[in-house]
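# Survey of secondary and tertiary structure
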Amino acid sequence: DTAVSQTPKYLVTQMGNDKSIKCEQNLGHDTMYWYKQDSKKFLKIMFSYNNKELIINETVPNRFSPKSPDKAHLNLHINSLELGDSAVYFCASSDRGNTEAFFGQGTRLTVV
Amino acid sequence: AQSVTQLGSHVSVSEGALVLLRCNYSSSVPPYLFWYVQYPNQGLQLLLKYTSAATLVKGINGFEAEFKKSETSFHLTKPSAHMSDAAEYFCAVSDTGGGNKLTFGTGTQLKVEL
């Protein structure tokens with residue numbers, strides 16, 4: 001059983017398209033995150049949700065819109081994709097009181 | 001603001017040799033510190049964490065790290081490197097004040113040679 005699962009694992013799309021990445025966790029955690037890893041492998045947080053409520057939004061362009069239908073799911077929708085959006089996007093989850101985060105396998109997004 | 005600095009973007013050791021990956025942190029509050037490992041095309045896996053209990057923390061796969069407040073360091077060590085240890089290693093500090101945000105260092109690529 002995968003604890004934090006993301007789909008798809010790979011995504012290749014053209015500039016200007018809209019795409020979504022889905023994330024689900026079965027750990028019973030109440031906090032979920034999206035992190036972006038760039039081509040130099042630098043990891044930076046994008047968003048954090050706690051019990052479906054947005055609590056962190058790290059100056060991400062508003063083309064990126066996270067949606068949390070329930071505390072086990074956090075999806076990422078990206079409008080008008082740009083070349084610079086190419087990266088690996090990681091979903092993660094944790095308990096609010098336990099700072100250890102569990103990561104998904106990542107989604108490698110390539111914008112051409 | 002919290003931050004971590006990892007010295008050495010690439011470290012190469014011989015199999016059986018000591019592994020030492022360096023991490024220094026900056027935090028205005030007592031930090032929670034982590035080491036994560038990333039194998040090629042994989043997600044991040046927690047190796048170990050420091051959360052203000054024992055300063056010497058033991059993790060998985062024979063790794064350990066020591067929290068030294070006076071040096072603001074949290075270096076990762078393993079007595080004897082194995083080929084399977086070759087991976088990218090990330091040090092991270094947690095913002096426990098709001099949302100448990102992790103701030104990562106730039107990573108250290110560990111290469112293990114025969």
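Look above for the structure.
The structure reproduced in this document is the subject of the present report. Residue indices begin from 1 for each chain and proceed along its sequence in written order. Each chain is given a letter, starting from A, and each ligand a number, starting from 1, according to the order in which they appear as written. Totals for whole chains, interfaces and linings use every residue, but because this is a predicted model, local features are given only for residues with pLDDT of at least 70 and side-chain atom pairs only at 80 or more, for both listing and counting. The side-chain figures draw on all heavy atoms in the structure; neither hydrogens nor water molecules are used.

Along its length, chain B carries zero helices and eleven strands. Each helix and strand of chain B, ordered N terminal to C terminal, gives the series β-β-β-β-β-β-β-β-β-β-β. Referenced to the eigenvectors of the C-alpha coordinate spread, the extents of chain B come out at roughly 45 × 30 × 20 Å. Within the span of chain B, comprising 114 residues, buried residues form 45% of the whole. Should any heavy atoms of two residues lie within 4.5 Å, those residues are considered in contact. Within chain B, counting contacts between residues at least 6 apart in sequence, those at least 24 apart form 55% of the total. Computed by Shrake-Rupley with a 1.4 Å probe, the accessible areas treat only the displayed protein chains as cover when residues are assessed. For chain B, the accessible surface area stands at approximately 5200 Å², while carbon and sulfur atoms represent 53% of it. For chain B, the centre of its 8 positive side-chain charges and the centre of its 8 negative side-chain charges are spaced 5 Å apart. Comment: elements are numbered from the N terminus, with helices defined as DSSP H or I runs of at least four residues and strands as E runs of at least two. Only protein chains enter the accessibility calculation, which uses a 1.4 Å probe. A residue is then buried if its area is under 20% of the maximum for its type, exposed if over 50%, and partly exposed in between. Only four residue types enter the tally: Lys and Arg on the positive side, Asp and Glu on the negative side, with His and both chain ends excluded. Here the site of a charge means NZ on Lys, CZ on Arg, CG on Asp, or CD on Glu.

To continue, consider the sheet that holds strand β7 (residues 64–68) of chain B. Residue and element names in this part refer to chain B. Reading across the sheet, the five strands line up as β1-β3-β8-β7-β6 and stay open at both edges, with antiparallel pairing between neighbours. Sheet topology places β1 (3–7) and β6 (56–58) at the edges, where each strand pairs with a single neighbour. For this sheet, the mean angle separating the axes of adjacent strands, direction not counted, is 20°. Any two strands between which DSSP finds at least two bridges are classified as paired. Where β7 lies against strand β8 (residues 73–78), five bridges are found, and the strand directions are antiparallel. If you follow Ala65 over to β8, its bridge partner there is Leu76. Throughout, an axis means a line fitted to C-alpha atoms (over the contacting stretch in the case of helices), and angles, computed between N-to-C directions, take values from 0 to 180 degrees.

Another point: the environment of Thr51 of chain B. Following the sequence through the fold, Thr51 of chain B ends up in the loop between β5 (44–50) and β6. Along the sequence, Thr51 of chain B and Phe67 of chain B sit 16 residues apart, while their C-alpha atoms lie 9.8 Å from each other. Ignoring any residue separated from it by four or fewer positions in sequence, one finds Thr51 of chain B in contact with Thr99 of chain A together with Tyr32 of chain B.

Now for the interface of chain B and chain A. Counting residues at the interface gives 24 residues for chain B, matched by 26 residues for chain A. Summed over both partners, the interface of chain B with chain A comes to about 1900 Å²; 50% of that surface belongs to carbon and sulfur atoms. The salt bridge definition used is simple: a Lys or Arg side-chain nitrogen within 4 Å of an Asp or Glu carboxyl oxygen. One can count three salt bridges joining chain B with chain A. With a closest N to O distance of 3.7 Å, Glu88 of chain B and Lys41 of chain A form a salt bridge. Going through the elements one at a time, β4 (32–38), β5, β9 (87–95) and β10 (101–104) of chain B are the ones with two or more residues in the side of chain B that touches chain A. For the side of chain B that touches chain A, the element with the most residues is β4 of chain B, which contributes four residues. What counts as buried area is the accessible surface, traced by a 1.4 Å probe, that two parts surrender upon association, with contributions from both included.

Turning to its location among the elements, Asp85 of chain B is positioned in the loop between β8 and β9. In this structure Asp85 of chain B comes out as buried when scored by relative accessible area, which is 2%.

Two cysteine sulfurs form a disulfide in these notes if their separation is within 2.5 Å. Summed over the entire model, instances satisfying the criterion amount to two disulfides over all chains. Note that Cys23 of chain A is cross-linked by a disulfide to Cys91 of chain A, the S-S spacing being 1.8 Å. Looking along the S-S bond of the Cys23 of chain A-Cys91 of chain A disulfide, the torsion reads about -80°, which is the left-handed sense. Note that Cys23 of chain A is positioned in strand β3 (residues 19–25) and Cys91 of chain A in strand β9 (residues 87–94), a separation of 68 residues in sequence. There is no split in this pair, since Cys23 of chain A and Cys91 of chain A are both buried. The disulfide partner of Cys23 of chain B is Cys91 of chain B, and the S-S distance across this bridge is 2.0 Å. Here Cys23 of chain B and Cys91 of chain B share a disulfide; its torsion about the S-S bond, -65°, makes the bridge left-handed. Residue Cys23 of chain B is found in strand β3 (residues 19–26), and its partner Cys91 of chain B is found in strand β9; the two are separated by 68 residues along the sequence.

Moving on, we come to the side chain of Gln2 of chain B. All names here are of chain B. Mapped onto the elements of the fold, Gln2 is located in the segment before β1. Definition of a polar contact: a pair of N or O atoms within 3.5 Å, with one able to donate and the other able to accept a hydrogen when the atoms are protein atoms, and with sequence-neighbouring residues admitted only if both atoms are side-chain atoms. A polar side-chain atom of Gln2 sits 3.0 Å from a polar atom in the side chain of Ser27. A polar contact is formed between the side chain of Gln2 and the backbone oxygen of Ser94, at a distance of 3.2 Å. Every residue in contact with Gln2, bar those within four places of it in the chain, is listed here: Ser26, Ser27, Val29, Val93, Ser94, Asp95 and Thr103.

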